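Read off the chains here:
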Amino acid sequence: MNFIFLGPPGAGKGTLAKEVAKAYSIPHISTGDIFRENIKNGTELGKKAKSIIDAGGLVSDEITIGLVKDRLSKDDVKSGYILDGFPRTIPQAEALATFATIDAAVNFDIEDEAVVERLGGRVCCKECGQMFHVKFNPPKEPGKCDKCGGELYTRDDDKAESIKHRLEVYRQSTAPLIDFYKAKGNLVDVDAKPAPETVLAEFKKKFPN
Ligand code: AP5
Ligand code: MG
């Protein structure tokens, strides 16, 4: 199946996507991860995107649509995929409809207080991108990734000001996609408040493999 993961920053999209990708053997395509990889490697795209992302704004539709179109032309998406963090605007969703067929837009249902707490405590691995949370999912050894031993860091856009701005941008530009996909008849709500294992179990029940 071809999934879109839709929801506010910090809702747990990336955390669930990693598990779903494993369980359903489909690629996890996160536009945020692609941008961060480009920033890390100092590419032209990374240079353009860095200040926008750090401040919590959105990279242009033109750049982001081109990136996803290119990614969906690869062979590994033939048996399905998860688009995590794309589309994020109505023009992105309209463009996507011209080159992809989406089976389900999974809407992560969670309130602002919870996402602020999740983002405020998130740490990520510099090497493999694995996410941890200092309270909800702490690494065995502080500052070190359980999976690969890489160094853990706090994303620049997880600073308080940037989190606030991302939530505003979400409300203004991304939340309208809920009605967009509802009108298409493929919006599926998932309760994102419980622990990750519970969210995954609910997902599996809604989408039997
Ligand atoms: P992106 O990387 O997509 O960031 P985001 O949408 O802000 O979402 P996050 O990655 O912050 O949160 P998440 O929902 O993945 O939560 P996570 O699983 O990490 O995008 C970054 C930036 O790139 C954007 O701001 C924009 O500038 C740009 N960009 C990307 N896509 C774009 C597009 N389409 N158009 C334009 N610009 C674009 O979980 C968060 C924390 O909570 C973790 O610490 C985790 O361990 C913990 N946690 C997760 N689930 C649970 C749970 N169930 N219970 C308790 N804790 C949990
Ligand atoms: Mg994410």
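Residues numbered from 1 in each chain as written. Chains lettered and ligands numbered in written order. Predicted model: local features only at pLDDT ≥ 70, side-chain atom pairs only at ≥ 80, totals over all residues. Heavy atoms only, no water.

As annotated in an unreviewed UniProt entry, the protein is Adenylate kinase from Treponema saccharophilum DSM 2985. Per its UniProt entry, the protein bears the Pathway (unreviewed entry) comment "Purine metabolism; AMP biosynthesis via salvage pathway; AMP from ADP: step 1/1." Under the UniProt heading Function (unreviewed entry), the note attached to the protein is "Catalyzes the reversible transfer of the terminal phosphate group between ATP and AMP. Plays an important role in cellular energy homeostasis and in adenine nucleotide metabolism." (UniProt positions renumbered as here; feature names shortened; annotations may be inferred.)

Trainee: Which residues make up the UniProt feature "binding site: ATP" (unreviewed entry) in the protein, and what values do they have?
Mentor: According to UniProt, the positions carrying the feature "binding site: ATP" (unreviewed entry) are Gly10, Ala11, Gly12, Lys13, Gly14, Thr15, Arg122 and Pro194. Inspection of the secondary structure assignment puts glycine 10 in the loop between strand 1 (2-6) and helix 1 (13-24). On the basis of relative accessibility, which here comes to 15%, the residue glycine 10 falls in the buried class. Contacts of glycine 10, omitting those with residues within four sequence positions, involve Val115, Arg118 and Leu119. (Helix = DSSP H or I, 4+ residues; strand = E, 2+ residues; numbered from the N terminus. Buried < 20%, exposed > 50% of the residue type's maximum accessible area, 1.4 Å probe, protein only. Contact = heavy atoms within 4.5 Å.)

Trainee: Describe the environment of valine 190, naming the residues involved and giving the relevant values.
Mentor: Along the chain, the position of valine 190 falls in strand 8 (residues 187-191). Setting aside residues up to four positions removed in sequence, valine 190 forms contacts with Val106, Asn107, Phe108, Asp109, Val199, Glu202 and Lys206.

Trainee: Give me the sheet that holds strand 7 (residues 152-153): which residues, what numbers.
Mentor: One open sheet holds the three strands; their spatial order is 6-5-7, and the pairing between them is antiparallel. This sheet does not close on itself; its edge strands, each paired only once, are strand 6 (131-133) and strand 7. Sheet topology places strand 5 (residues 122-125) next to strand 7; two bridges connect them, and they run antiparallel. When the bridges of strand 7 are listed, cysteine 125 appears paired with leucine 152. (Pairing = 2+ DSSP bridges.)

Trainee: Pulling in residues and values, what's your account of the environment of isoleucine 65?
Mentor: Residue placement: isoleucine 65 occurs in helix 4 (residues 61-71). Sequence separation between isoleucine 65 and leucine 96 is 31 residues; the distance between their C-alpha atoms is 7.5 Å. Not counting chain neighbours up to four residues away, the residues in contact with isoleucine 65 comprise Phe86, Pro91, Gln92, Ala95 and Phe99.

Trainee: Hey, could you go over the pattern of salt bridges for me, with residue numbers and the actual values?
Mentor: Under the criterion given, the structure shown has 20 salt bridges. Among the salt bridges present, the one from lysine 50 reaches aspartate 54, with a minimum N-O distance of 2.5 Å. Placement of both lysine 50 and aspartate 54 in helix 3 (residues 44-55) is noted, with a separation of four residues, approximately one turn of the helix. Taking the relative accessible area as the measure of exposure, lysine 50 reaches 32% and is therefore partly exposed. Across the salt bridge formed by arginine 166 and aspartate 158, the nearest N and O atoms sit 3.1 Å from each other. One connected set of salt bridges, linked through shared partners, spans Arg122, Arg155, Asp157, Asp158 and Arg166. (Salt bridge = Lys/Arg side-chain N within 4 Å of Asp/Glu carboxyl O.)

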